[in-house]
Amino acid sequence: MKKLFMTAVIATMLSVTAFADGGKKATTTTGEENVSYAVLEQFKSDFENAVNPVWTVTASSQKVSFTQNNVKYTAFYDSRDNEFWGVSQEVAFATVTNSMKNKIAKSYKDYEVTSVTKFEPQDGEEPVIYFVNVKNADSQLVLTLAPDGEVKNIEKI
């Protein structure tokens with residue numbers, strides 16, 4: 001159940017940005033005034049070489065987009081207990097397995113892939129999840145590629 005909730009939250013965060021104020025805050029020289037002190041310190045510890053962090057804080061989550069070793073990442077934290085959820089990065093559609101590509105091509109043949117995001121959960125025990133944004137003339141969708149090989153339409157943008 002927690003995995004399903006986190007997947008939905010992260011998919012929403014990848015496609016929609018909303019701002020809200022939350023509990024304990026830290027003010028920093030780089031403008032993270034809405035980020036909890038615990039999350040800010042954990043981020044600095046986990047990603048020591050991160051540059052250009054940009055924070056987005058909602059009632060349920062805190063995310064930071066940054067660059068490390070010339071690669072752009074986004075790290076996600078829970079706003080309630082400051083737990084680190086995991087990290088994502090945009091990847092090429094070529095990194096998706098051929099069977100997944102075939103399923104998307106068959107089920108969403110009127111759509112084109114606009115981006116692919118790879119999400120790696122923090123614990124290393126949960127499988128990597130891919131979120132694929134597709135669009136056509138009428139709509140834009142976020143698909144999740146489940147580890148079991150299933151392609152799910154999880155959100156319409």
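Since the model is a prediction, treat every value here as computed from it, not as a measurement.

Q: Looking at this structure, I do not really get the pairing of strand β5 (residues 112-121). What am I missing?
A: Every regular strand shows the same layout, with side chains that alternate between the two sheet faces. In this sheet, β5 lies alongside strand β4 (residues 84-91) in antiparallel orientation, the contact comprising six bridges. In the sheet register, Glu90 faces β5, and the bridge partner there is Thr117. In the sheet, β5 pairs with strand β6 (residues 129-135) via seven bridges, with the strands oriented antiparallel. In the strand pairing of β6, Glu112 is matched with Lys135.

Q: I keep staring at the packing of aromatic side chains and nothing clicks. Help me out?
A: In this description, a pair of aromatic rings is defined by centroid distance and the angle of the planes. Summed over the entire model, instances satisfying the criterion amount to ten aromatic pairs. Measuring from centroid to centroid gives 4.8 Å for Phe47 and Phe66, while their planes differ by 50 degrees, and the two rings are tilted. A residue pair is termed long-range when its members are at least 10 positions apart, and Phe47 in the loop between α2 (37-46) and β1 (51-57) and Phe66 in strand β2 (residues 61-68) qualify at 19 residues. Considering the side-chain rings of Phe47 and Phe84, the 6.1 Å spacing of their centres and the 70 degrees angle between planes classify their relative orientation as edge-to-face. You can see Phe47 sitting in the loop between α2 and β1 and its partner Phe84 sitting in strand β4, a full 37 residues away along the chain. For Phe47, a relative accessible area of 13% translates into the label buried.

Q: What should I look at first to understand the nonpolar core in this one?
A: Formed by 14 residues in total, the largest nonpolar core has its most connected members in Phe43, Phe47, Trp55, Val64, Phe66, Ala75 and Tyr77. Elements that contribute at least two residues to this core include exactly α2, β1, β2, β3 (71-78) and β4. If you tally residues by element for this core, the top one is α2, at three residues. Tyr130, Val134, Leu143 and Val151 belong to the second-largest nonpolar core, a separate cluster that totals twelve residues.

Parameters and conventions
- Residues numbered from 1 in each chain as written.
- Predicted model: local features only at pLDDT ≥ 70, side-chain atom pairs only at ≥ 80, totals over all residues.
- Heavy atoms only, no water.
- Pairing = 2+ DSSP bridges.
- Helix = DSSP H or I, 4+ residues; strand = E, 2+ residues; numbered from the N terminus.
- Phe/Tyr/Trp six-rings, centres within 6.5 Å; stacked < 30°, edge-to-face > 60°.
- Buried < 20%, exposed > 50% of the residue type's maximum accessible area, 1.4 Å probe, protein only.
- Core = buried A, V, L, I, M, F, W, Y, C linked by side-chain atoms within 4.5 Å.

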